[in-house]
Structures are given as structure tokens and as C-alpha cells.
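# Structural overview
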Amino acid sequence: MSPFRIVASPWSFFALTMIKTRGACCFLPTHHGKLSALGIQTNTSTGSVVTTTTTINFFSKKRLLTVSSSSSSYTRSMLPRRMQEKDSSSFQDELVGKQKQVSRSCKEEEKDDSTASQDSTTGTSVEKHLNLQQKVFDEMSQFFDSEEATPLEVEPLLDYLVKKALVSCLQNKKQDKVGKEEEIERIKIIDVACGTGALFSSYIKAAEELGGKVELDIRGIDLSPQMTKFAIQNGKALMEKYNGRHSIECLEAGDFVELIMGKKECQESVIGFDYGQIKGTSSGSSNTENVREEFDVCVMNACFGNFLDLDSAVTAASTCLKTGGVFVISHPLGSSFVEKLHVENSETVPHCLPTQSRLLEMFTHQPLTLIDYEEEADVQGKSSVPLYYASAKKMPYRMLRSILRLRGTVDEGYGRGGKKLGFPTANLPSSLFVDALEDVPTGVYMGYAVIEPSVSSTDKKKGRGMIHKAVVNVGYSPTFDGSENQEKIVEAHLIVDKGAIEGDFYGETMRLALSGFLRPEMKFPSFPALIQAITNDVQNAKNSLDIHPYVKFAELDSFLHTCQDKWIGSSGGDDVASYEFESSLKFSARIGL
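Residues numbered from 1 in each chain as written. Predicted model: local features only at pLDDT ≥ 70, side-chain atom pairs only at ≥ 80, totals over all residues. Heavy atoms only, no water.

### Comments concerning the sheet that holds strand 11 (residues 295-301)
Just so we agree on the cut-off: Whether two strands pair comes down to DSSP finding at least two bridges between them. A run of H or I in DSSP counts as a helix once it spans at least four residues, and a run of E counts as a strand once it spans at least two, with each numbered from the N terminus. Angular values range over 0 to 180 degrees, each being the angle between N-to-C directions of two axes fitted as lines to C-alpha atoms, with helices fitted over their stretch in contact. Whether two residues are in contact is decided by their heavy atoms: any pair within 4.5 Å suffices.
Spatial ordering of the open sheet is given by 8-7-6-11-12-14-13, a layout of seven strands whose pairing is mixed. A strand with exactly one partner marks an edge of an open sheet, and here the two such strands are strand 8 (247-250) and strand 13 (368-379). Between one strand axis and the next, the sheet turns through 20 degrees on average, direction left out of account. As paired strands, strand 13 and strand 14 (residues 382-394) are joined by nine bridges and run antiparallel to one another. Note that in strand 14 the partner of Asp372 across the bridge is Ser391. Lying over the sheet, helix 5 (residues 200-209) contacts strand 6 (185-192), strand 7 (214-221), strand 8 and strand 11, oriented at roughly 165 degrees with respect to strand 7. Those strands touched by helix 8 (residues 310-320) are strand 6, strand 11, strand 12 (321-331), strand 13 and strand 14, and its axis lies near 140 degrees from that of strand 12.

Written out as C-alpha cells, the structure reads:
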């Protein structure tokens with residue numbers, strides 16, 4: 001049996017680059033009266049490739065005149081990339097070695113520069129890490145833009161990962177559009193550390209395979225200016241190929257966390273992590289406000305382990321997503337490969353990919369819930385192929401790092417609560433809680449409220465001594481021009497049915513237990529816009545407080561159930577007004593969750 005396979009009419013030697021067999025054969029037309037047959041066979045013991053060329057000469061009306069033959073031998077390194085039969089492990093080892101070598105070279109240059117300038121201590125650890133990352137990947141940009149960086153066996157893995165992300169996004173969108181007429185979906189993607197645009201073609205291929213019902217708006221960002229330059233070129237070529245149906249744009253090279261958060265690091269806070277600061281002008285992609293809650297999908301492919309501060313990276317990802325959006329962490333070569341990179345080159349890759357349990361821990365104080373996790377999959381007929389894919393859905397709430405309990409007398413406030421907004425509102429006097437609110441970020445919180453019952457048996461009012469869901473604004477109420485608060489105030493909107501609470505609360509004592517965060521405080525363009533936002537907040541809180549763990553907080557928090565007892569918070573205050581903070585994780589453990 002011949003080891004060769006017949007291939008129909010390729011016109012050049014390089015047409016064979018798509019053949020993934022040990023032996024191959026094709027017929028090559030040369031010029032009038034001749035046909036050449038090219039055979040290729042791999043010597044499995046030496047790794048060399050032997051080609052045999054047989055030329056068949058024809059004359060008209062005669063079948064055959066002469067046959068001549070010649071052969072040549074090539075080593076793998078002399079062949080085009082796609083004819084080099086490298087197994088997965090050898091490719092990975094070469095890639096690890098290449099990155100380690102470049103990183104070491106960049107570090108040596110960095111040391112020489114700092115010695116020359118006698119200024120080796122400037123910059124934070126994050127800034128130094130970002131500088132090294134930029135140098136390494138600037139240096140490796142030509143390699144990553146070559147075919148060598150993406151072996152044939154990796155391409156279907158990239159396609160698989162990307163398609164999973166788009167399908168997950170579409171499923172979330174369909175849930176939000178139940179009963180509505182099906183239309184073309186425009187999906188906005190931010191490709192973090194996009195490199196030279198390795199995923200761009202996979203995005204578009206996946207969109208086309210989804211029946212033409214999806215159009216993509218892709219934004220790539222990379223720390224490396226050289227990588228970004230190649231990504232821009234590759235993006236333009238793809239857009240031309242698909243006649244502008246899909247949009248690909250590369251943002252200015254820079255740090256993803258700083259782009260979204262306005263700072264390079266996000267610090268821990270009561271709400272989990274601080275939400276940074278708004279930077280930039282009123283227009284343009286450099287403005288953090290223009291990239292917050294903007295995207296349907298945020299993809300971190302083959303880059304998550306490169307971030308020095310993973311919590312800041314996750315915070316930026318959740319901040320740039322719309323509610324219901326999908327955050328994806330992926331790698332086509334799997335977690336074991338990233339572990340190799342980390343072990344061999346921890347300065348460039350300071351982390352391994354997180355396990356499922358580690359992801360759940362990281363998402364505890366983020367508005368994210370894990371929806372998918374896999375470390376192997378069946379891809380193109382191959383079973384249990386190692387890869388890494390984790391995805392999370394952005395929720396409209398997050399659990400606070402510290403539960404905040406407040407008890408005080410309801411104040412009259414500014415007269416703009418329940419009557420104007422249409423929700424029963426109780427304000428706690430800011431003067432009594434200045435210290436309590438000092439480190440509490442402004443924003444909209446959710447939790448539970450209790451109006452303490454009167455000690456007088458003759459003065460019982462409906463709705464007292466009962467636990468009510470509540471949306472609570474902590475801040476300055478900036479929407480009301482001319483009457484902004486000078487100090488942070490606590491405005492609690494009680495979520496109750498009409499008539500469930502009798503009368504006003506003024507002068508009565510209220511207990512508040514805040515356990516979740518909905519959104520930052522913001523200024524609205526109009527009063528109707530504010531009403532719509534509060535309506536959304538109320539609905540989100542109403543739904544969220546019915547699920548674990550929040551519903552258990554209401555059932556098992558003695559603070560809400562012992563209203564007849566005197567209570568003074570452990571963090572400050574007296575029997576008139578007091579407060580306390582308790583770690584939500586410690587509280588969960590204390591009540592057995």
C-alpha cells in the first residue's frame with residue numbers, strides 16, 4: 001500500500017501545508033504536455049521529510065512518452081510552519097522558553113537602565129510590572145503576529161472558546177427579551193490583552209456560524225504598542241473581508257484596569273472594592289465613563305495570569321460590563337501550560353489560572369456569579385482536550401465585604417422622599433452617623449429595615465416590628481440641584497405594599513441592616529430619570545433579597561428580631577444612635593451558612 005494520499009489539483013508546494021498526514025501526494029500542472037506528481041513522506045525516526053517528484057511527459061494523441069523521477073530530503077526546520085509536525089508539548093516548551101528568554105533580557109536592560117539613572121526605586125510594584133510586561137510583549141510582537149504562535153491544533157480551540165462566550169451572551173440576552181420579536185443582535189466585546197488580534201477571526205467565524213443573526217462590535221486593548229499596531233492591521237483586513245458587517249477597533253495601548261477604573265489598583269472597601277474614579281474628557285475612549293457598563297462580553301484570553309493584581313482585573317471586568325453581560329477567562333492550552341509559564345517566568349506570569357473554588361472566592365464581593373467552568377472539552381472529534389474556560393454573569397448586586405447595621409431616630413430630612421418619589425422613605429440624621437459613614441462609599445445599597453414598635457401598648461401602628469426589604473441611598477442626593485446635602489445622609493426606601501405601613505416614621509426608631517450594593521450614586525438628567533432608576537433599584541433589590549444568602553441574613557440576624565431589647569453597636573454610638581460593621585463572611589460562618 002502506498003503511504004501517499006491523492007490531493008485534487010493543488011497549484012503549489014505550499015498547498016500541502018494544510019495536510020496533516022505522515023504522507024501526502026499531489027499532482028502539479030507545470031506547462032504544456034507535462035504533469036508532475038509530488039509525494040511527501042515523513043521519516044518518523046529521524047524527523048526528516050522526503051519529497052519525490054515524478055514528471056510525466058505527454059504528447060497529443062499519445063498517452064505517455066517518458067517518466068522521470070527525483071527526490072530530496074528536508075529537515076523540519078526547513079519546512080513551512082504548517083508542515084512542521086510539532087507535538088503540543090514541544091510547542092509549549094518552546095513558547096515557555098522563548099518568553100522566559102525575552103523576559104530575562106528585558107529585566108537585564110531594566111537593571112542597566114536603573115543603574116545608569118541611579119533611580120531603581122521609582123514606581124509602584126504594579127507600575128514596574130506593567131513596564132516589564134510592555135517591554136516583553138513589544139519584543140515578542142513579531143513572533144505573536146506570525147503563524148508560529150498559533151499552531152493548527154490551537155485554532156479550533158480558540159474557535160471553541162470564543163463560540164462558547166458568544167452563545168452564553170446570546171442566552172442571557174434572550175432571557176431578557178422573552179416574548180419580543182427576534183432581531184439581529186449587536187454584541188459589544190472588549191478583548192483584553194488582545195495581542196495581535198489572535199481572536200478576531202474566531203469571533204467573526206463564531207458570529208457567522210450562529211446563522212447571521214449576530215453582528216459584532218469588537219474593541220481590543222493591549223498594553224503593548226507594538227502588539228496593538230499588528231492588531232489594528234489584522235482588524236482592518238478582517239473588516240474588509242466581511243464588508244463592514246462587523247466592527248473591529250483597537251483602543252490606544254494601555255493598561256485595562258486604568259482604562260476602566262481610572263487607576264491602576266482597586267483597594268478593598270465596604271462594598272468589596274472601590275470603583276475608582278472618572279477620568280478623561282467628555283468624549284473619547286480614554287474617558288472611563290464611556291467604557292463603564294458598555295460591553296456585553298469581556299474576554300481575557302491567555303492573559304489572566306499576567307495581571308499582578310487579579311482582584312483589580314476582575315473589578316475592572318465587572319465594571320465595564322452591562323448587567324447580564326458575560327466575563328470570560330480562557331486559555332487554549334489550559335491551566336497546566338500557564339503553570340509552566342508561572343514556574344519558569346513568574347515575573348511576567350505572576351499567577352496560575354484560578355481553580356473553580358478560587359474563582360468562587362474571588363467573586364464573593366463582585367457583582368458576578370460563576371455560570372461555567374471547564375478544564376477539558378471535546379473539540380473537533382478529539383475527547384478531553386486540555387483547555388481552560390470560565391465564565392461569569394454580571395448581576396445587578398454584590399454582597400458587601402462588611403454588613404453595616406445602623407440604629408437611630410428617623411429625621412424629617414429634606415422633604416423630598418416618599419411624597420416626591422412615591423416610596424415610603426425614612427432618613428437617619430447624618431449628624432449622628434458622621435463617623436459611621438466616613439469610609440462608606442456613596443451609592444445605592446440594599447438590605448432590611450425594621451421600625452421599632454412603640455413601648456406604649458396604646459400606640460401600636462401597622463407595619464411596626466416587622467422586617468421590610470429596603471433600598472438605601474448613602475450619599476448627597478446630587479440630582480436635586482440647589483438642595484444637595486452637605487453631609488452624607490442615609491435615605492431608606494422601604495419596599496412594601498401600599499397601606500402596609502401606617503403613617504409617617506418621623507421621630508420613631510429604625511434599624512437598618514445593609515448587606516448588598518447595587519450601584520454608585522449618580523446625578524440624573526431629569527426627575528423622571530431618577531424615578532426610573534429608583535424603580536429599577538427597587539426591583540433589583542426585591543428580587544435579590546429573596547435569594548441566598550440575603551434571605552438567610554434576614555431570617556438569622558438577631559439585630560432585626562430583638563427590637564424590644566436595647567442595642568448598642570460594637571463600632572460606636574449610644575442607646576440613641578449607634579452602628580457596627582461585621583465581616584459578611586464571619587457573619588455567614590457565625591449563623592452557619
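Back to the text.
### Quick word on the confidence of the model for the protein chain
Test applied: Here pLDDT means the predictor's own confidence in every residue, given as a number from 0 to 100.
Summarising the model, the protein chain shows a mean pLDDT of 82, and 77% of its residues fall at 70 or more. Within the protein chain, the element-level pLDDT minimum falls on strand 1 (residues 6-7), averaging 39, and the maximum on strand 11, averaging 98. With pLDDT under 50 throughout, residues 1-35 is counted as low confidence; its partners more than four residues away or in other chains account for 82 contacts. Within the model, the stretch residues 53-85 combines pLDDT values under 50 with 77 contacts to residues more than four positions away or in other chains.

### What to know about the sheet that holds strand 21 (residues 572-573)
To summarise the sheet geometry, strands pair through backbone hydrogen bonds and adopt either a parallel or an antiparallel arrangement. Taken in spatial order, the eight strands make up an open sheet running 16-19-18-17-20-15-22-21, and their pairing is antiparallel. Taken across any chain shown, the strands that pair with only one partner, and hence form the sheet edges, are strand 16 (425-428) and strand 21. One ladder, built from eight bridges, connects strand 17 (residues 443-451) with strand 18 (residues 467-475); its direction is antiparallel. From the neighbouring strand, Gly447 faces strand 18, where its bridge partner is Ala470. Docked against the sheet, helix 13 (residues 527-544) engages strand 17, strand 18, strand 19 (489-495) and strand 20 (509-519), running at close to 95 degrees with respect to strand 20.

### Focus: unusual backbone geometry
A cis amide bond, omega 5 degrees, links His548 with the succeeding residue Pro549. Relative to the helices and strands, Pro549 resides in the loop between helix 13 and helix 14 (550-556). Phi angles above zero are rare outside glycine, and Glu293 is one such case at about 50 degrees.

### Points about the layout of surface pockets
Put simply, the rule reads: Note on definitions: the grid is 1 Å and covers protein atoms alone; a cavity is a set of points where a 1.4 Å probe fits but cannot get out; a pocket is an open set with protein on both sides within 12 Å along at least five of seven lines; lining residues have an atom within 4 Å of a point. Grid points are joined across faces, edges and corners, and a volume is the space filled by probe spheres set on the points. Residue type decides the class: Asp, Glu, Lys and Arg count as charged, Ala, Val, Leu, Ile, Met, Phe, Trp, Tyr, Cys and Pro as nonpolar, and the leftover types, Gly among them, as polar.
Size it by volume and the largest pocket reaches roughly 910 Å³. Residue lining of the largest pocket: 32 residues in total, with Arg292, Glu293, Arg519, Pro520 and Met522 positioned closest to the centre. Per-element tally for the lining of the largest pocket: the top contributor is helix 13, with four residues. By residue class, the composition of the lining of the largest pocket is 13 nonpolar, eight polar and 11 charged.

### With respect to the pattern of salt bridges
To keep it simple, the criterion reads: Between Lys or Arg on one side and Asp or Glu on the other, a salt bridge is scored when a side-chain nitrogen of the former is within 4 Å of a carboxyl oxygen of the latter. Each residue's exposure class comes from its accessible area (1.4 Å probe, protein chains only) as a fraction of the maximum for that residue type: buried when under 20%, exposed when over 50%, partly exposed otherwise.
On inspection of all chains with the given rule, the structure shows 29 salt bridges. Between Lys188 and Glu294 there is a salt bridge, and its shortest N-O distance comes to 2.4 Å. Pair noted here: Lys188 is in strand 6 and Glu294 is in the loop between strand 10 (272-273) and strand 11, with a separation of 106 residues, a long-range link. By relative accessible area, which is 26% here, Glu294 ends up partly exposed. Note that Glu268 is salt-bridged to Arg401, the shortest N-O span being 3.9 Å. On the criterion of sequence distance, the pair formed by Glu268 in strand 9 (residues 268-269) and Arg401 in strand 15 (residues 398-409) is long-range, its members being 133 residues apart. Overall, Glu268 belongs to the exposed group, its relative accessible area being 55%. Connected through shared salt-bridge partners, Arg405, Asp557, Glu580, Glu582 and Arg590 make up one network.

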